[in-house]
Amino acid sequence: MSIEVLTADPEGGENLQRWAALGLPVPPSWRVMRSAVEGVASEALANTLKALPRMFAEERYWVLQQGPMNPDSRRESLLNLDSDAALAAALHSIFAREQAPEHVVIQALPRQKAAGVLFTRHPLRQDLPHVVVEGVADGNPDRQRAIFDESGRLVHASHDNAALHKVIGEARLLALHDSLKSNFDRPQAGEWVFDGDKVWLLQTLPVGSLPEPREAWTRRAGHTLFNQAETPLWYTLAGRWLKTAFWEPLVQRNGWQQLNKIEPYRRQHSHIYTNCAYFRALQDQHAGVVGQVPPAWQGLERVKPSAAPGLFFKQIAVGSIRRAIRQWQMPEVTRDTLWRGFMQLDAIGERLSRIDGELAYLHVPDRLTVTGDPLPLSLLLSGEELALVESLAAGNDQPVRHSVLRPGADPVHAPLIEKPAQANSVRPTGRTAVIHAVPVGNDETLFRLAAQVRTLRFMLGNRFRELLRAMGALVVKQQQLQHPDDIHFLYFDELWQLWMGEGLPASANHQTIAERKLRYLDDSLQGAPDWKMDQIGYGFGGGLQASPLLKGLPLVAGQVQGPIRRLCSAWSLNRIQPGDILVMDQVDPSWTPWLLQAGGIVLAGQDSGNAAASLARQYGIPAIWAASDVMHSVRDEMAGMLNADDGQLDVAEVISESD
C-alpha cells in the first residue's frame, strides 16, 4: 500500500508505532511512500489525503515529519500544514528532491489551543527533579513556562493571562509526564499539542542537556550532621571519625569494591559535602537516602522503608560513651599532656561516630520517610535546649545568661554564658505552645536515641573546645599563632606538625589562616551550592539569582508580613529580629531558641525531623515547607508576605517606609 496507516506495534519500524503501543497519546499517523506521490496530480493527491482522517472533520491540520534536523540529531523536523492542498504540495516538493527519501510520515491533528514541549526533568538544573512545561497558548502568544515539583505540585507559572497550566489543565500535563517517565529510562523532551480536550504527543526524545553525572556530592546529608559551615579542624576530626568507624566498615560488609578508595567527604565553601556514590550504593537498601542521590542516579523503583533496628546494644554503647565523656578530665597545660588529652577525645569521637553514622545516615532517615508530621521538639532537643525554649516562650530570658548552649557541635562556637555575638539576639517572646506532642508510635525510642547521640556530639565538642582553648593559648604564648582561635583553622595534619615541634607549616602561615577565617565567615553567611556535580555547583545559596520557585506546602496556617532573613549557619543568628520571616534549609536543633522569634518560617525541604518545622508546629508560627528553591530566590531585607494557608511566599525588593 502506498499510504499505510501506522498502527500500534511494539516492533514497528516507526517511533510513532512503538510509542502508541506504550499507550502514549499519538495522533493518527500514516507512512506515505514515494510511489503514492510521484505522477499523481496535486488535486487528486489532496483528495486522497482529505479522505484519510476519520476524525477531527475539517477542524484539523497536518504535521509532516521531514527527517532529522541534522545528521547527528534524533529529532525530526516537523512541518505544520493547514490544508490538504498544502500537504500535497509539500509531498511533491520533498519527493522531487535529488536525494528524496523513500517515505515520509504524516500526522493529522485537530486545531490546537496550545502547543509546546514537556521536560520530564528540569533541562537546566541537574539537582532538581522538577517537570518543566514550555509553550504558547491561544490568547497569549508569549512563550510560557510552568514548573511542577516531583510531587506534581505547581511551583511556578510565568504568566497569569491564558496560563498554560490553566488552559490545558494540570492533570493533563502531569498525565503526559507520568506516561513518558514510566515508559522511558532517560529524561524525555516530549513535543505536544492540545486541542481543547486532549494532549497529543508529536514526538519525544532523550534530553541531551542532561547527561548522567560522573560524580556527585551533596551538602544535604545525614540527620543533624554537618548542617552548617565547619572549620578545617573539626572537619578533619569528625570526617575522619565517620570515615573510619562508619563508612569503611559499611563498604567492607557490603563488598562495595568500587568504594574502597573513594573519599566520603570533601570540604568546599567551608561546608561538608558527602560523596553521593555511597548513597547510590545504599538506595536499594534504605528508602531514606533517595534524597541524597541526584535525580539522574535515582532508581525507578523505590524501596520500602526498613523496620526500626534493634537498639539494645546501641543504648548500652551510648551509655558507655556518655560516661567516658563525663569522666574525661582536663589535663595539665603542657605539650605532652594536652596532646594525650586530645588523643583521648579523638578515640571517643571515633567510638561515637560508629553509632552516629548508623542513626544519622540510615535508620533515622528511613523512619522519617513514613513520618508525615514534624516530630515533637522533645524528641529532637536536649533537655537543656528544650528548657531554654520553654523559658523564652514564657517571657523569661534569665536562663540565657547562664546557658552553656552552643549553636553548633564545632568547638569554634562559644556557649551563651561566654556572651558571643549571638547571645544578644536570644530574646523572650511570650509565645504559647499550641501543640505539645504528636504520637510517633514505635519509632520514639529510635528518635530519642538519635537525640541523645547528638547531645553527646555536642558534649564532645565542649570538651574539645576547653582543650583547644588551652592548646591555642599555649602556642600563642610561644608566638607560633597570633590568636587562640586560629587553632580551629588548622587542618589536623597542620596541627600535628605544629604540636610535634616542626613549627607552623607553610600551608598554614599567618596570612593563610586569616584568609581561611574570612572565607569561613563569608561562606557561613552566604551559604553554598546544594550539590557539586562534575565540579559544577547547583543551587548556589547566595541568594543572588532570582528564581520563581516560591511556593511550598502549608505547614502551619497563618499570614504574616515582614523582612526576609536567610539563615545558613549559626553566624547568622545574631541578625534575627522579632517578626522576621526566616528562610532556611538545614537547621541545627540548637538554633531553636533564636527561631522562636520568627514571624514566619519558610523551609526548603519537607523533613519531619527538621527542628524548625517542629518549633513552628508546637508554637503556632505560620510556616510552609517543601519550598524547594527558596534559599536561592530571596535576599536579606526583602519584603516578604507569607501566606501559609496556601503555601505562597511573595517578595518585593525592599520594605516600604510605611511598613
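Quick caveat: nothing in here was measured; it's all calculated off a predicted structure.

Participant: I'd love a proper account of the overall build of the chain, names of residues and values included.
Facilitator: Secondary structure summary: the chain contains 15 helices and 23 strands in total. Across its three principal axes, the chain shows a C-alpha extent of roughly 105 × 60 × 50 Å. The burial tally for the chain puts 56% of its 659 residues in the buried class. Considering only residue pairs separated by 6 or more positions, the chain has 66% of its internal contacts joining residues 24 or more positions apart. When the 64 positive and 74 negative side-chain charges of the chain are each reduced to one mean point, those points stand 5 Å apart.

Participant: Describe empty space enclosed by the protein, listing the residues and the values that go with them.
Facilitator: Under the criterion given, the structure shown has six cavities of 30 Å³ or more. Put simply, the largest cavity is a space of about 190 Å³. In terms of lining residues, the largest cavity is bounded by 21 residues, among which L225, F226, W234, A409 and R457 are the most central. The set of elements that each furnish at least two residues to the lining of the largest cavity consists of α6 (232–254) and α9 (335–368). Taken together, the residues that form the lining of the largest cavity break down as nine nonpolar, seven polar and five charged. Space inside the second largest cavity adds up to approximately 100 Å³. Around the second largest cavity sit 15 residues that line it, and R219, G527, C568, D585 and M631 are the ones nearest its centre. Across the lining of the second largest cavity, the residue classes tally to four nonpolar, six polar and five charged.

Participant: Please provide a residue-by-residue account of the sheet that holds strand β9 (residues 154–157), values included.
Facilitator: Spatially, six strands are ordered β9-β8-β7-β6-β10-β11 in an open sheet, and the strand pairing comes out antiparallel. Taken across any chain shown, the strands that pair with only one partner, and hence form the sheet edges, are β9 and β11 (199–206). On average, each strand axis in the sheet is tilted by 20° relative to the strand beside it, whichever way the strands run. Across six bridges, the pairing between strand β6 (residues 114–119) and strand β7 (residues 131–137) is antiparallel. Opposite A114, over in β7, you have A137 as the bridge partner. The sheet strands contacting helix α5 (residues 170–183) are β6, β7, β8 (140–148), β9, β10 (188–194) and β11, and the helix crosses β11 at an angle near 40°.

Participant: Go over the environment of L467, please, and point to the residues and values.
Facilitator: Within the element layout of this structure, L467 appears in helix α11 (residues 444–477). Between the C-alpha atoms of L467 and L345, which are 122 residues apart in sequence, the distance is 9.5 Å.

Participant: Can you tell me about a nonpolar patch on the surface, naming the residues and giving the values?
Facilitator: Side chains of F312, F313 and I316 sit close together on the surface and give an oily, nonpolar patch of about 390 Å² of accessible area. With respect to the helices, strands and loops of the structure, I316 is situated in helix α8 (residues 312–327).

Participant: Provide a residue-level description of the side chain of D530, including the pertinent values.
Facilitator: The residue D530 is located in the loop between α13 (510–526) and β15 (531–533) in this model. A polar side-chain atom of D530 sits 2.4 Å from a polar atom in the side chain of R219. If sequence neighbours within four positions are ignored, D530 has contacts with W217, T218, R219, R220, Y273, Y538, G539, D585 and H632.

Participant: Run through the nonpolar core, naming residues and quoting values.
Facilitator: Counting residues in each nonpolar core, the largest one holds 83 residues, and the members touching the most others are W247, F342, Y361, F464, M471 and L495. Of all elements in the fold, only α6, α7 (276–282), α8, α9, α11, α12 (492–502), α13 and β15 reach the threshold of two or more residues within this core. In terms of residue count, α11 provides more of this core than any other element does, 16 residues in total. When residues no more than four places from it in sequence are discounted, the contact partners of Y361 are A221, G222, L225, F226, L242, F246, W247, Y265, T274, F279, V289 and D356. In this structure, L388, V426, W594 and A616 belong to the second largest nonpolar core, which totals 36 residues.

Participant: How would you summarise the packing of aromatic side chains if you had to cite specific residues and measurements?
Facilitator: According to the stated counting rule, one finds 18 aromatic pairs in the structure shown. Both rings, one in F226 and one in Y265, keep their centres 5.5 Å apart while their planes meet at 80°; by these two values the pair is edge-to-face. In this pair, F226 sits in the loop between β12 (216–218) and α6 while Y265 sits in strand β13 (residues 265–268), placing the two residues 39 residues apart along the sequence. Each of the two residues, F226 as well as Y265, counts as buried. An aromatic cluster is defined as three or more aromatic residues linked by ring pairs; in this entry it consists of W234, W241, W339, F342, F464 and F492. The lysine or arginine in question, R335, covers the ring of W499, its NZ or CZ lying 4.7 Å from the ring centre.

What counts, and where the lines are drawn
Residues numbered from 1 in each chain as written. Predicted model: local features only at pLDDT ≥ 70, side-chain atom pairs only at ≥ 80, totals over all residues. Heavy atoms only, no water. Helix = DSSP H or I, 4+ residues; strand = E, 2+ residues; numbered from the N terminus. Buried < 20%, exposed > 50% of the residue type's maximum accessible area, 1.4 Å probe, protein only. Contact = heavy atoms within 4.5 Å. Lys, Arg positive; Asp, Glu negative; His and termini not counted. Charge placed at Lys NZ, Arg CZ, Asp CG, Glu CD. 1 Å grid on protein atoms, 1.4 Å probe; cavity = no way out; pocket = protein on both sides within 12 Å on 5 of 7 lines; lining within 4 Å. Points joined across faces, edges and corners; volume = space filled by probe spheres on them. Nonpolar A, V, L, I, M, F, W, Y, C, P; charged D, E, K, R; others polar. Pairing = 2+ DSSP bridges. Axes fitted to C-alpha atoms, helices over the stretch in contact; angles between N-to-C directions. Patch = residues over 30% accessible without salt bridge, like charges linked within 9 Å, V, L, I, M, F, W, Y side chains within 5 Å. Areas by Shrake-Rupley, 256 points an atom, 1.4 Å probe, with all protein chains shown as cover. Salt bridge = Lys/Arg side-chain N within 4 Å of Asp/Glu carboxyl O. Polar contact = N/O pair within 3.5 Å; in protein donor to acceptor, adjacent residues only side chain to side chain. Core = buried A, V, L, I, M, F, W, Y, C linked by side-chain atoms within 4.5 Å. Phe/Tyr/Trp six-rings, centres within 6.5 Å; stacked < 30°, edge-to-face > 60°. Lys NZ or Arg CZ within 6 Å of the ring centre and 35° of its normal.

Geometric descriptors of this kind do not, in isolation, establish any biological role.
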